[in-house]
Amino acid sequence: MNCFCTSQTNTCGDNCCQANDLCSFSGDLDDVCATPIYVQSVYDAVRFHMQGMKTVQSLKFTPDIPCGCTISRIIDIRCKKIFNPGNIKDSDNLTLDMETCISGACFLNDCDGVVKTIGPDGIPSENIIFADTCQCENSGAGTPIFGTQNARIWGNIIVYLDLAVCDSCGRESTVTLCAEINIAKPSCPLVLTNFFELCMPGTANSAFMPRLTELANAGFTCRLATNNASRDICIGPNGEVTANLIITICLTVEKKITVPVQLCVLTTGFAEAPLQDSLSGVVNCPGLFPERINGGSDDCSCGCSDFPPSGCR
């Protein structure tokens, strides 16, 4: 039990948690009904990888190892991207900036520049695209568009060096050293370029124009420059550790052509989060979402206060 008097199913340790199961299905098809939803459909998508590299010479790690100790082996080399949630525009934050140019179509513009719509990340990140699709639309096919992708990267990462060290008596222990590496400055970012092709749906018989949305993620791997610890790692007289490293930067980028659509889906009712409340004696609390009303006798609106929903009849 926790402080809200709700049961805990934490089997991952005190520092981890498991999400609540918001939906359930009894297996009875009588509990299933159809409901319309308004979403974006992915018309076409393409994914590709891009790779870059950065070398670092004589990188200083902290803290220093005890004087007189030697490095017996390298246990692991790990990387982590820097992110400051208090200032997302911090120049030290590892940042990906996508610059996309297309041919065969164009982005919609207004007096302020390119028109952007809300994307799946909840911020304006989708570009509305337009092309004369009549030729392909009359034949029942999509219109190809081509693009150039420039991924600009800047910011810092942290490298962790896990070492096994021996003291003068031959006793071995493990230490973890760390250092911060600047991948590039915002004024001079690292640029990776790629080309892509996508298929665009017709626009003549639609109330909405298609959108181009982009997803990208960066991963980093780090290794010794020559894969030889005696050459790439130096220990100073006071235990200072410096190393020569190669940082490999791997990007996964996905481009999508999306269009707003209305779909009919099967559902067992609206999901309701479990209640965490220490109040007692409160009878009427307001709801957060409206109950679904079909207007008929076979109303499949759960409107249930219990969790998980037991289904609707």
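Placed above this text is the structure.
Scope of this entry: the structure provided in the associated data block.

Moving on: the pairing of strand E12 (residues 211–224). One face of the sheet, then the other: side chains in a regular strand alternate in exactly this way. The pairing of strand E8 (residues 124–130) with E12 spans two bridges and is classified as antiparallel. Note on E12: the bridge partner recorded for isoleucine 128 is arginine 211. Where E12 and strand E14 (residues 241–267) come together, 14 bridges link them in antiparallel fashion. What sits directly across from asparagine 217, in E14, is threonine 252.

Next up on the list: the nonpolar core. Residues Phe61, Val159, Leu245 and Ile247 are the most contacted members of the largest nonpolar core, which totals 45 residues. Every element with two or more residues in this core is listed here: strand E1 (33–61), strand E3 (95–103), strand E9 (143–166), strand E10 (172–184), strand E11 (190–200), E12 and E14. Those residues in contact with valine 159 that lie beyond four places of it in its chain are Phe61, Ile77, Arg78, Cys79, Leu177, Cys178, Ala179, Ile181, Cys222, Leu245 and Ile247.

Our next topic: the packing of aromatic side chains. The geometry of two aromatic rings is summed up by the distance between their centres and the angle between their planes. Within the structure shown, the criterion is met by one aromatic pair. Note on tyrosine 38 and phenylalanine 208: the rings are 6.4 Å apart at their centroids and 50° apart in plane angle, and the pair reads as tilted. Of this pair, tyrosine 38 sits in strand E1 while phenylalanine 208 sits in the loop between E11 and E12, and the two are 170 residues apart along the sequence.

In total, this model carries eight salt bridges according to the counting rule given. Across the pair lysine 60 and aspartate 64 runs a salt bridge whose closest N-O atoms are separated by 3.1 Å. Taking the relative accessible area as the measure of exposure, lysine 60 reaches 38% and is therefore partly exposed.

Rules used in this analysis
Residues numbered from 1 in each chain as written. Predicted model: local features only at pLDDT ≥ 70, side-chain atom pairs only at ≥ 80, totals over all residues. Heavy atoms only, no water. Pairing = 2+ DSSP bridges. Helix = DSSP H or I, 4+ residues; strand = E, 2+ residues; numbered from the N terminus. Core = buried A, V, L, I, M, F, W, Y, C linked by side-chain atoms within 4.5 Å. Buried < 20%, exposed > 50% of the residue type's maximum accessible area, 1.4 Å probe, protein only. Contact = heavy atoms within 4.5 Å. Phe/Tyr/Trp six-rings, centres within 6.5 Å; stacked < 30°, edge-to-face > 60°. Salt bridge = Lys/Arg side-chain N within 4 Å of Asp/Glu carboxyl O.

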